[in-house]
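Chain by chain, the residues:
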Amino acid sequence: MYFQSQAEYLAYHSPAQRAERAAQAERQSSLTVGSALLLFNDGDVSGARQVLFDGGISDEGIAEYLRQWGAE
């Protein structure tokens, strides 16, 4: 990421901005997992797996979600 000034850099890395980015990432992750769970509950395991993958969830994370949801 390129910053035009030191002030932009400091603003981007301020505690408030970092907290906002973390909250936004958490919201996006929750939406991704929720969408995948809906597909899983509808019987579309491969669709759920794809949504998790597209959402940036690691292979190990995908396997863990599917295991928790009851996939074999």
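Heads up: the structure comes first, above all this text.
Everything quoted here is computed from the prediction, not taken from an experiment. (Residues numbered from 1 in each chain as written. Predicted model: local features only at pLDDT ≥ 70, side-chain atom pairs only at ≥ 80, totals over all residues. Heavy atoms only, no water.)

### Here's the deal with the pattern of salt bridges
So, point 1. All told, the structure shown has two salt bridges when counted by the stated rule.
So, point 2. In this structure, Arg27 and Glu20 form a salt bridge, with 3.3 Å as the shortest nitrogen-oxygen distance.
So, point 3. Residue Arg27 is classed as partly exposed on the basis of its relative accessible area, which comes to 45%.
So, point 4. Since its relative accessible area comes to 41%, Glu20 is described here as partly exposed.
So, point 5. Its salt-bridge partner being Glu64, residue Arg67 comes within 2.5 Å of it at the nearest N-O pair. Taken together, the positions of Arg67 and Glu64, both in helix 4 (residues 59-69) and three residues apart, correspond to about one turn of that helix.
So, point 6. Look at Arg67 and you get exposed, because its relative accessible area is 52%. (Salt bridge = Lys/Arg side-chain N within 4 Å of Asp/Glu carboxyl O. Buried < 20%, exposed > 50% of the residue type's maximum accessible area, 1.4 Å probe, protein only. Helix = DSSP H or I, 4+ residues; strand = E, 2+ residues; numbered from the N terminus.)

### Structural notes on the packing of helix 2 (residues 15-41) against helix 4
So, point 1. Taken N-terminus to C-terminus, the directions of helix 2 and helix 4 make an angle of 50 degrees; their axes are 11 Å apart at the nearest point. With respect to helix 4, the element helix 2 is oriented oblique. The handedness of the crossing between helix 2 and helix 4 is right-handed. Together, Val33, Ala36, Leu37 and Phe40 of helix 2 and Tyr65, Leu66 and Trp69 of helix 4 make up the contact between the two elements.
So, point 2. Class assignment for the residues of the contact of helix 2 with helix 4 results in seven nonpolar, no polar and no charged. (Axes fitted to C-alpha atoms, helices over the stretch in contact; angles between N-to-C directions. Parallel < 35°, antiparallel > 145°, perpendicular 65-115°, else oblique. Left-handed = near helix turned anticlockwise from the far one by under 90°. Contact = heavy atoms within 4.5 Å. Nonpolar A, V, L, I, M, F, W, Y, C, P; charged D, E, K, R; others polar.)

### Structural notes on the nonpolar core
So, point 1. Counting residues in each nonpolar core, the largest one holds nine residues, listed as Val33, Ala36, Phe40, Ala48, Leu52, Ile57, Ile62, Leu66 and Trp69.
So, point 2. Taken together, the elements giving at least two residues each to this core come down to helix 2, helix 3 (45-54) and helix 4.
So, point 3. The contacts of Ala36, once residues within four sequence positions are left out, are Ala48, Val51, Leu52 and Trp69. (Core = buried A, V, L, I, M, F, W, Y, C linked by side-chain atoms within 4.5 Å.)

### Concerning the packing of helix 2 against helix 3
Two quantities define a packed helix pair, namely the angle between the axes and the distance from one axis to the other.
So, point 1. Where helix 2 contacts helix 3, the two axes come as close as 7 Å, and the packing angle between them is 170 degrees. Taken together, helix 2 and helix 3 sit at an angle that is classed as roughly antiparallel. Contact with helix 2, carried on its side by Thr32, Val33, Ser35, Ala36, Leu39 and Phe40, involves Val45, Gly47, Ala48, Val51 and Leu52 of helix 3 and no other residues of that element.
So, point 2. Looking at side-chain class alone, the contact of helix 2 with helix 3 contains eight nonpolar, three polar and no charged residues.

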